[in-house]
Amino acid sequence: MSLFDWCQWLQHTRFATTITESDWLFPLIEGSHILTLPISVGMILIADLRLLGLAFCSETTGRIVPSFLRLSRIGFPIMFLTGGLLFVTQAGKAYANPFFRTKMIFLLLAAINAAVYQKLFFPKMADWDSGRGAPPGAKFCAVFSLALWVGVIVCGRTMAYQF
Amino acid sequence: MSLLALLQTVSSWAPIVFIRDSKYGMPAVQSFHLLGLTMLLATVVALNLRLVRLALSDYGLSRVAGQLKPWTLGAIILVISSGLLIFLATPRKYVDSHPFRLKMLLLCGALFFHFAVLRRFTAADSVAPPRPVGFLVACLSLTLWFGVGWAGRAIAFIP
């Protein structure tokens, strides 16, 4: 069974068709996916802006950035759950959609970027505040993160036009 | 000139036609709308959580409000200008839509509440409200703003 066959099968399971055929389930899941953006991606964006010195400059990086990252942990489980459900209902159509594929690549890169940041910079954040702020490497991660998340939103919105 | 005729004139203006008819015009404007929503509601959520001390409680309320303010205002400008373009490009989708009317009503309510009520509690010289009042204000603010979002989503599903 190829990946495409599997996507087709997934989209036609009883579980998927129940969501698709319901008058309110699909709108509810899709609406939740979109309206959780601020509590997940939005908080990451604010943290990135702080790292770049564009927001919350009066507060120390080492304390304010983790505060926003903590807030984003409320939203991401909801994002993955609702996003997973949306994929199940449209798996066959999403498979070949170039914007869906790009979105998945961006998500993967964002995850790698976050892991690199966590490993290299997170433990040292408390030391930055006496000096000039975040080192260039951390700022690079922030720019990369901003670009990737904007890309995820753009691809997510655009893929719906191709269904 | 009636409002409908005026709308038709504006929606046949070249830049608007370009957005409507080019392949990626509408997705691009919709993406800006969604980016604005993300930033706007993120700042609103952060401010309200600080108001009720559920997040960022190490920082002064008026300081958090002051730092978030330019991003909230920028996001409001982005959502309203992109929203206006979406409306002008496809006015027929919206003029008779009930969820759209509700969305506009909630938007006015949310903006009024944000600038007339919430800002009063978060301004530099204000005293922090008693906890129950803070909770009520935060609930109303979040209900109004997320109500705008849900009504917006409903346009696609309910006539």
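Residues numbered from 1 in each chain as written. Chains lettered and ligands numbered in written order. Predicted model: local features only at pLDDT ≥ 70, side-chain atom pairs only at ≥ 80, totals over all residues.

Describing the overall build of chain B
- Per the secondary structure count, chain B includes seven helices and zero strands.
- The N-to-C order of helical and strand elements in chain B reads α-α-α-α-α-α-α.
- By principal-axis analysis of the C-alpha atoms, chain B measures approximately 50 × 30 × 25 Å.
- The burial tally for chain B puts 33% of its 159 residues in the buried class.
- Expressed as a percentage of contacts within chain B between residues at least 6 apart in sequence, the contacts between residues at least 24 apart total 76%. (Helix = DSSP H or I, 4+ residues; strand = E, 2+ residues; numbered from the N terminus. Buried ≥ 20, exposed ≤ 12 C-beta atoms within 10 Å, placed from the backbone. Contact = placed C-beta atoms within 7 Å.)

Overview of the overall build of chain A
- Check the secondary structure of chain A and you find seven helices and zero strands.
- Taken from the N to the C terminus, the helices and strands of chain A come in the order α-α-α-α-α-α-α.
- Its C-alpha atoms give chain A principal-axis dimensions of roughly 60 × 30 × 25 Å.
- Within chain A, contacts between residues at least 6 apart in sequence are counted, and of these 80% link residues at least 24 apart.

Notes on the packing of helix H2 (residues 14-21) of chain B against helix H3 (residues 25-51) of chain B
All names here are of chain B.
- Interhelical geometry of H2 versus H3 gives an angle of 95° and a closest axis separation of 5 Å. Considered as vectors, H2 and H3 are oriented roughly perpendicular to each other. Across the interface between the two elements, Phe 18, Ile 19, Arg 20 and Asp 21 from H2 touch Gly 25, Met 26 and Val 29 from H3.
- Tallied by class, the residues present in the contact of H2 with H3 amount to four nonpolar, one polar and two charged. (Axes fitted to C-alpha atoms, helices over the stretch in contact; angles between N-to-C directions. Parallel < 35°, antiparallel > 145°, perpendicular 65-115°, else oblique. Nonpolar A, V, L, I, M, F, W, Y, C, P; charged D, E, K, R; others polar.)

Details of the interface of chain A and chain B
- Each side of the interface is counted separately: chain A has 26 residues, and chain B has 24 residues.
- Those elements that place two or more of their residues in the side of chain A that touches chain B are helix H3 (25-35), helix H4 (38-51), helix H5 (61-95) and helix H7 (136-159) of chain A.
- Per-element accounting of the side of chain A that touches chain B gives the leading share, seven residues, to H4 of chain A.
- The class makeup of the residues in the side of chain A that touches chain B is 17 nonpolar, five polar and four charged.

Examining the environment of Leu 56 of chain B
- Along the polypeptide, Leu 56 of chain B turns up in the loop between H3 and helix H4 (61-89).
- Separated by 10 residues in sequence, Leu 56 of chain B and Ala 46 of chain B place their C-alpha atoms 7.9 Å apart.

Notes on the nonpolar core
- Ranked by internal contacts, the top residues of the largest apolar core, which has 70 residues, are Met 43 and Ile 46 of chain A together with Leu 40, Ala 42 and Ala 46 of chain B.
- The dominant element in this core, judged by the number of residues it contributes, is H3 of chain B, at 14 residues.
- Beyond its immediate stretch of four places on either side in the chain, Met 43 of chain A contacts Phe 68, Leu 71, Ser 72 and Gly 75 of chain A together with Ala 42 of chain B. (Core = buried A, V, L, I, M, F, W, Y, C linked by C-beta atoms within 7 Å.)

Overview of unusual backbone geometry
Residue and element names in this part refer to chain B.
- Even without being glycine, Arg 53 reaches a positive phi, approximately 60°.
- Topologically, Arg 53 is positioned in the loop between H3 and H4.
- Looking at Arg 53, the number of C-beta atoms within 10 Å reads 12, which means it is exposed.
- In this structure, Leu 56 takes a positive phi of about 55° despite not being glycine.

Concerning the environment of Arg 63 of chain B
- Within the secondary structure layout, Arg 63 of chain B lies in helix H4.
- Between the alpha carbons of Arg 63 of chain B and Thr 90 of chain B there is a distance of 41 Å; along the sequence they are 27 residues apart.

Brief notes about the confidence of the model for chain B
- Overall, the prediction assigns chain B a mean pLDDT of 92, with 99% of residues at 70 or greater.
- As scored by the predictor, the complex reaches a pTM of 0.93 and an ipTM of 0.92. (pLDDT = per-residue confidence, 0-100.)

Overview of the packing of H3 of chain A against H5 of chain A
Residue and element names in this part refer to chain A.
- The contact between H3 and H5 brings their axes to 9 Å, and the two run at 135°. The angle between the axes of H3 and H5 places the two elements in the oblique class. Where H3 crosses over H5, the handedness of that crossing is left-handed. The segment H3 lies against H5, with Phe 26, Ile 29, Glu 30, Ser 32 and His 33 engaging Ile 78, Met 79, Thr 82, Gly 83, Leu 85, Leu 86 and Thr 89.
- Tallied by class, residues from the contact of H3 with H5 come to six nonpolar, five polar and one charged. (Left-handed = near helix turned anticlockwise from the far one by under 90°.)

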